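The chain contents come next:
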Amino acid sequence: NAGVTQTPKFQVLKTGQSMTLQCAQDMNHEYMSWYRQDPGMGLRLIHYSVGAGITDQGEVPNGYNVSRSTTEDFPLRLLSAAPSQTSVYFCASSYSRSAGGGHEQYFGPGTRLTVT
Amino acid sequence: AQSVTQPDIHITVSEGASLELRCNYSYGATPYLFWYVQSPGQGLQLLLKYFSGDTLVQGIKGFEAEFKRSQSSFNLRKPSVHWSDAAEYFCAVTTGNQFYFGTGTSLTVIP
C-alpha cells in the first residue's frame, strides 16, 4: 500500500491564482481530511469528509473548496490564492466513518505552498 | 469547543535522560487522545493512542503516555531519550468528526 499520497510536494503561486492540491489513499478509508500547518499554531482542520459525496467544514475553511467523488481521492482547491495561505498542507485519512470511533489518522507527506 | 494545550514550546534534554511532554485537553467527557511525532520535512506518525481502559498506554519507539482524568492530561514519557527522538511532538484529541491538535513541542536532544 502507498498509504496517503499528496501532490505536488512544493508549489509557488502568485496572488489570485487558483490550484488544486491532490490527495489519494489506497486503504479504503471513509474519513479524509485536510489540515494546514503554520509555525506555532499546530495543525488546523480545513475541511473533512466522512465518505464519498459528504464533506464538511473544519476550523479554517475560508478560501478553500473540497469535493469527494470517490473514496480514494479528496482534492483541496484554492480558489484565489492569498499570501495568508502560505503554509504546509497535510491530507489525512482514517478507517472510521466518524473519527470519534477512535481510529487514528494516517498522514500524507505534505505540500509546501508559497503564495507571493 | 475542544482544545488542546501543550505548554512547552521547546524542550532540550541530554541523550539518555528521561523525557516528559505535557498535554492538557478541554472537554467534558473522555475524548480519544493521541500523540504524534513529526520529523523535519515529514508528515505525522502516530506514537500512541488512548480510547479507554488502562490509563497507561504504550506506544512505539519506547514511548508511553498516561491519561489522568482528574487533571485532563495526557502526558508523554520516555525513560531514556535517543538522539533520533529529536522532532516535533503533537498531542491531539477527537470526540467526533474533528481532530484538534496542540501547537506542538519541539524536542532537541544534546549529546
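You'll find the structure just up there.
Residues numbered from 1 in each chain as written. Chains lettered and ligands numbered in written order. Predicted model: local features only at pLDDT ≥ 70, side-chain atom pairs only at ≥ 80, totals over all residues. Heavy atoms only, no water.

Bringing the interface of chain B and chain A into the picture now. Between chain B and chain A, the residue contacts involve 21 residues of the former and 26 residues of the latter. Carbon and sulfur atoms supply 55% of the area buried between chain B and chain A, which totals about 1700 Å² over both sides. Its largest share of buried area at the contact with chain A, chain B owes to Asn97(B), Phe99(B) and Phe101(B), together 33% of the area lost on that side. Taken together, the links from chain B to chain A amount to 1 salt bridge. Lys49(B) is the partner of Glu104(A) in a salt bridge, and the nearest nitrogen-oxygen pair spans 2.7 Å. On inspection of chain B and its partner chain A, the count reaches 3 residue pairs in polar contact (both at pLDDT 80 or more). For the side of chain B that touches chain A, the secondary structure elements donating two or more residues are β5 (32-38), β6 (44-50), β10 (87-94) and β11 (99-101) of chain B. Among the elements that line the side of chain B that touches chain A, the one with the most residues is β5(B), at 4 residues. Residue composition of the side of chain B that touches chain A, grouped by class: 9 nonpolar, 11 polar and 1 charged. (Contact = heavy atoms within 4.5 Å. Buried area = accessible area lost by both parts, 1.4 Å probe. Salt bridge = Lys/Arg side-chain N within 4 Å of Asp/Glu carboxyl O. Polar contact = N/O pair within 3.5 Å; in protein donor to acceptor, adjacent residues only side chain to side chain. Helix = DSSP H or I, 4+ residues; strand = E, 2+ residues; numbered from the N terminus. Nonpolar A, V, L, I, M, F, W, Y, C, P; charged D, E, K, R; others polar.)

On to the pattern of salt bridges, then. As a working rule, side chains carrying opposite charge can pair if their charged atoms are close by. Taken as a whole, this structure holds 7 salt bridges over all chains when the rule is applied. Salt bridges here are not isolated pairs; linked through shared partners, they connect Arg36(A), Asp38(A) and Arg44(A).

It is worth spelling out the nonpolar core at this point. Core analysis: the largest hydrophobic core is formed by 27 residues, its most contacted members being Leu19(B), Trp35(B), Leu47(B), Leu48(B), Phe74(B), Leu76(B) and Tyr89(B). When contributions to this core are tallied by element, the ones reaching two or more residues are β2 (10-14), β3 (19-21), β5, β6, β8 (64-68), β9 (73-78), β10 and β12 (105-110) of chain B. Of all the elements, β10(B) adds the most residues to this core, at 4 residues. If near-sequence neighbours (up to four positions away) are discounted, Leu76(B) is found in contact with Leu19(B), Glu20(B), Leu21(B), Trp35(B), Leu47(B), Leu48(B), Phe63(B), Glu64(B), Ala65(B) and Tyr89(B). Of all hydrophobic cores here, the second largest spans 20 residues; its members include Met19(A), Trp34(A), Tyr64(A) and Leu76(A). (Core = buried A, V, L, I, M, F, W, Y, C linked by side-chain atoms within 4.5 Å. Buried < 20%, exposed > 50% of the residue type's maximum accessible area, 1.4 Å probe, protein only.)

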